Amino acid sequence: MDFLDKLNNQQRAAVTAGNGPVLVVAGPGSGKTRVLTQRIAYLIAEEGVRPWQILAVTFTNKAAREMGERVKKLLPDQAIEGIMLGTFHSICGRILRRETEYLPIQSNFVIFDTDDQERIVKNVIREFNINEKLYRPASVLGAISRAKNELITADDYPTQTYRDEIVKRVYAEYQKRLVASNAVDFDDMLMYTARLLEENPSVRDKYAQRFRHVLVDEFQDTNLAQYALVKQLASFNRNIFCVGDPDQSIYAWRGADWRNVQRFEQDFPDAQTILLEQNYRSRQTILDAAMGVIDRAHNRRKKKLFTDRGEGEKIFFYEAPDDYAEASFVVDTIAQLVASRQFEPGDCAVMYRTNAMSRLIEEAFLQARLPYRLVGAQRFYGRREVKDIIAFLRLVHNPADEASLDRVINVPPRGIGDKTLTTLHLVARQNNLQPGHVLLDLARGKESPYWESFSGRAALPLADFGGMLATWRTAALSLTVPELFDRVVKDLGYKEYIDDESEEGEDHWENVDELRRLTLEYSTRTLDEFLENIALVSDQDTITEGNVPTLLTLHAAKGLEFGAVFIVGLDDGILPHSRSFDEPEGMEEERRLFYVGITRAKDKLYLIRSIQRGGRGSQEETFPSRFLDDIPADLLIGKTRTGRAMRGAPAETKWAIHTRTQSASVIETQFRAGTRVKHSSWGEGIVLDSKIQDDDEIVDVVFNSVGIKRLSASLANLKII
């Protein structure tokens, strides 16, 4: 097989490993995706394994798609249809829909997202007269989620404190309402599947015998339920191939447990362990800094990362006088890297520990009139209008979906207030029904046995909405997903409701339009598939491309790479976060988080902190991150409180910005983007942009000494050098 010739020795050993359990400990940038895809291709082409006998599990839909495409390229002449390749949740969804006879739900169950879950928990807390300030719905839901990740049911929930008692009661009722709505949350999908396989040997054997080989990506990010799941699925053939790096386990807050690597070694003592240590991404200096940080971690298998990409430049350390100067330094430096043609804008990334830290960075970009993209801001699927339309479609699919009904029963406003909604819920509970089914029956008008439970003024809008829902459900049997989408939006008059012809209104409608474009991909597929795939979309699946710098948290950076990386906020209390000071496990994860950030950089790495922080007028002195001491001093330059002047070579900027067409003018611009100039007070700088405004030339210049300034050419007396 030709592709094996392109692998290094460690990669080849992993791809061609014999049967039995295999653990591949893959350092950052070591080609783990290549190993996984070529392992699948090798099993099919060389070992004669049928595609449908292979299960490969990833953490994002994007990773699953890329893996499938790569396998196709490797085996263009072979049929590879039938590989079960997808995320844990999508694979669990497929198994659960086939095995509902063993479950408390039906096969057309819906998946509740975080908002839906919180709404139900909030209702339960209120109905139980629990103090919502002491027991916040999000916090209670977090406790329930952690329990499910550890395969703990409401009945088995341990109670050591009064708070535990409250969580247990809410958990039990929350689960009851999920089942009544014929719904699951994300954690249920894993727990139901894991318990289904554990408690039903015939079901377990059916899948374990089918899958001769089970492959798992990002193994360090699995939780206990996910580990139990893959262990059950590999129980018959024992051909389990796990790829991961415990040093990059940074999602404990999501339930990920790096100790699954240790559990694997205990459960499969005969497992082969293969290290992937050759890095294809970063320069050696960056790798040496990363190893300096991670080698201080406890309970880990040491790796010696190396690369053929050369030593590279030293890492630049900058201590800014305050957090405003920290942000300015980042933006000015990126502007210079781009102007000097060292990097494209899209090659640069700014990383921080918490989302709140993006504000000053964003402001600095805006002041400099430089575009950027923010990862982890309000996601597309989290926007109000998008959630509304999805809720309507979910109701069409499953009228028992209580969370969706509560969201949109009065959208657009149709005279159904809180009191009417409460009555609807009450009538439904008294009759052992879901509110959606009562609503559909009310469409029959006075013939409905529930009509008298409502005042005439309340019953009419409920009946109208019930009639509309019944019509959509009938239409859904013959319409495609895009046709149903159009019908629902038109019947609701949703465009008129959401688009008031303001800029904001147009933005809202564009989001609805974008969702419609997505439905076109499901013209030949079912509403069921559309709703399930939407529910499973993750943050990284929605990252858009574009030649602009990226702003993102260190957590969101995992799996990505950039030519130049700026890590800001390297103060004790930020990284490591103050929450970890008294938690050894938490401190270890903060160390791994810094390691992940460092290893995103290919060629240039900037480590930045601020001597004072907290906003103007309330500055507080800070201390450098303790992790900085772990980086060998000979790998760093610029370790001063003032930093150093950064010079960019003369060049035309690649940053396509501010290119508005100017009206004809008798004045012509003297200064072009990329021109080097000198100012009597601020010294040398590079022109970023120039335009004619009010019979004068307005020039944006980035100076080595003071950053970006906007100047009037007639007054500034700039000299071209």
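Source: prediction; values computed, not measured. (Residues numbered from 1 in each chain as written. Predicted model: local features only at pLDDT ≥ 70, side-chain atom pairs only at ≥ 80, totals over all residues. Heavy atoms only, no water.)

A.B. asks: Please set out the domain arrangement of the chain residue by residue, giving values where relevant.
C.D. replies: Split into domains, the chain comes out as domain 1 (9-99 + 190-278), domain 2 (119-181), domain 3 (315-372 + 544-639), domain 4 (384-536) and domain 5 (675-720). Here domain 1 and domain 3 have C-alpha centroids that lie 34 Å from each other. On the domain 3 side, the residues contacting the 15 residues of domain 1 number 11 residues. Buried surface at the junction of domain 1 and domain 3, summed over both partners, amounts to about 1100 Å²; 51% is from carbon and sulfur atoms. The largest per-residue losses of area from domain 1 upon contact with domain 3 belong to P28, Q248 and I250, which jointly make up 43% of the total buried on that side. The interface formed by domain 1 and domain 3 includes two salt bridges. Ionic pairing is found between K558 and D221, a salt bridge with its closest N-O pair at 3.0 Å. Here domain 1 and domain 3 share nine residue pairs in polar contact (both at pLDDT 80 or more) between them. A class-by-class count of the residues in the side of domain 1 that touches domain 3 yields seven nonpolar, three polar and five charged. (Domains from an automatic or database assignment. Contact = heavy atoms within 4.5 Å. Buried area = accessible area lost by both parts, 1.4 Å probe. Salt bridge = Lys/Arg side-chain N within 4 Å of Asp/Glu carboxyl O. Polar contact = N/O pair within 3.5 Å; in protein donor to acceptor, adjacent residues only side chain to side chain. Nonpolar A, V, L, I, M, F, W, Y, C, P; charged D, E, K, R; others polar.)

A.B. asks: A description of the nonpolar core should follow, citing residues and the corresponding values.
C.D. replies: Ranked by internal contacts, the top residues of the largest apolar core, which has 66 residues, are L55, V140, V170, V214, F219, L233 and F264. In terms of nonpolar packing, the next biggest core, distinct from the first, is built from 48 residues, L393, V411, L442 and F485 among them. (Core = buried A, V, L, I, M, F, W, Y, C linked by side-chain atoms within 4.5 Å. Buried < 20%, exposed > 50% of the residue type's maximum accessible area, 1.4 Å probe, protein only.)

A.B. asks: So what about the sheet that holds strand β7 (residues 240-244)? Which residues, and what values?
C.D. replies: Within the open sheet, the six strands sit side by side as β3-β2-β6-β7-β1-β8. Their pairing is parallel. Edge strands, defined here as strands with exactly one partner in the open sheet, are β3 (84-87) and β8 (272-276). Across the sheet, the mean angle separating the axes of adjacent strands is 15° when strand polarity is ignored. Bridge count between strand β2 (residues 54-58) and β3: four bridges; the pairing is parallel. From the neighbouring strand, L55 faces β3, where its bridge partner is M84. (Pairing = 2+ DSSP bridges. Helix = DSSP H or I, 4+ residues; strand = E, 2+ residues; numbered from the N terminus. Axes fitted to C-alpha atoms, helices over the stretch in contact; angles between N-to-C directions.)

A.B. asks: Give a detailed account of unusual backbone geometry, specifying residues and quantitative values.
C.D. replies: For the bond from V411 to P412, the omega torsion is -20°, close enough to zero to count as cis. The topology assignment puts P412 in the loop between α16 (402-408) and α17 (418-430). Geometrically, the link from L575 to P576 is a cis peptide bond, its omega value of 5° lying close to zero. Its location among the elements puts P576 in the loop between β15 (562-567) and α25 (584-598). With a phi close to 65°, L151 is a non-glycine residue in the positive phi region. Overall, the relative accessible area of 17% leaves L151 in the buried class. Unusually for a residue other than glycine, N182 sits at a positive phi of about 50°.

A.B. asks: Can you lay out helix α2 (residues 32-45) for me, pointing to particular residues and giving the numbers?
C.D. replies: If you check α2, its first and last C-alpha atoms are 20 Å apart, about what 14 residues at 1.5 Å a residue would give, namely 20 Å. Of all the positions in α2, only V35, L36, T37, Q38, R39, I40, A41, Y42, L43 and I44 are classed as buried. Those residues of α2 hidden inside the fold are in contact with α1 (9-15), β2, α3 (61-74), β6 (213-216), β7 and β8. (Expected span 1.5 Å × (residues − 1).)

A.B. asks: Outline the side chain of S249, supporting the account with residue identities and numerical values.
C.D. replies: Note that S249 resides in the loop between β7 and α11 (260-267). Dropping the residues within four chain positions of it, S249 is found in contact with Q220, D221, W258, E589 and R592.

A.B. asks: Explain the pattern of salt bridges to me, using residue names and the numbers behind them.
C.D. replies: Enumeration over the complete set of coordinates arrives at 49 salt bridges. Here R300 makes a salt bridge to D247, at a shortest N to O gap of 2.7 Å. Here D247 lies in the loop between β7 and α11 and R300 lies in the loop between α12 (284-294) and β10 (306-307), a separation of 53 residues in the sequence. Neither R300 nor D247 differs from the other in exposure class; each is buried. A salt bridge links D247 to K303, with the nearest nitrogen and oxygen atoms 2.8 Å apart. Residue D247 is located in the loop between β7 and α11, and its partner K303 is located in the loop between α12 and β10; the two are separated by 56 residues in the primary sequence. Accessibility classification places D247 together with K303 in one group, the buried group.

A.B. asks: Give a detailed account of the packing of aromatic side chains, specifying residues and quantitative values.
C.D. replies: Counted under the stated rule, the structure contains 16 aromatic pairs. With a centroid separation of 5.8 Å and an interplanar angle of 55°, the aromatic rings of F316 and Y606 are classed as tilted. Of this pair, F316 sits in strand β11 (residues 315-322) while Y606 sits in strand β16 (residues 601-613), and the two are 290 residues apart along the sequence. In this structure F316 comes out as buried when scored by relative accessible area, which is 4%. The class for Y606 is buried, based on a relative accessible area of 1%. Ring geometry for F392 against W472: centres 6.0 Å apart, planes inclined by 85°, an arrangement best described as edge-to-face. Pair noted here: F392 is in helix α15 (residues 384-397) and W472 is in helix α19 (residues 456-476), with a separation of 80 residues, a long-range link. (Phe/Tyr/Trp six-rings, centres within 6.5 Å; stacked < 30°, edge-to-face > 60°.)

A.B. asks: Quick one: what's the story with helix α20 (residues 481-492), residue by residue and with numbers?
C.D. replies: For α20, built from 12 residues, the straight-helix expectation of 16 Å at 1.5 Å per residue is met to within 8% by its first-to-last C-alpha distance of 17 Å. For α20, the full list of buried residues reads V481, P482, L484, F485, V488, V489 and L492. Take α20 and look down its axis: the buried residues cluster within an arc of 160°, on one side only. Among the residues trailing α20, G493 stands out with phi positive, at a value near 65°. (Arc of directions from axis to C-beta.)

A.B. asks: A description of the environment of D418 should follow, citing residues and the corresponding values.
C.D. replies: Assignment of secondary structure puts D418 in helix α17. Put simply, D418 and D406 are 12 residues apart on the chain and 9.7 Å apart in space, counted from C-alpha to C-alpha.

A.B. asks: Could you give an account of the confidence of the model for the chain, naming the residues involved and the relevant values?
C.D. replies: Confidence along the chain averages 86 in pLDDT terms, with 91% of residues attaining 70 or more. Mean pLDDT across the secondary structure elements of the chain bottoms out at helix α26 (residues 713-716), with 70, and peaks at β15, with 97. This stretch, residues 538-544, has a pLDDT under 50; its non-local contacts, to residues over four places away or in other chains, come to 16 contacts. Per-residue pLDDT stays below 50 along residues 639-653; that stretch engages in 45 contacts with residues further than four places along the chain or on separate chains. (pLDDT = per-residue confidence, 0-100.)

A.B. asks: Explain the packing of α17 against helix α18 (residues 435-442) to me, and be specific about the residues and the numbers.
C.D. replies: Relative orientation of the contacting elements α17 and α18 amounts to 100°, with a least axis distance of 8 Å. With respect to their mutual orientation, α17 and α18 come out roughly perpendicular. Between α17 and α18, the residues in contact are L424, H425, V427 and A428 and P435, V438 and L439, respectively. Residue classes in the contact of α17 with α18 are distributed as six nonpolar, one polar and no charged. (Parallel < 35°, antiparallel > 145°, perpendicular 65-115°, else oblique.)

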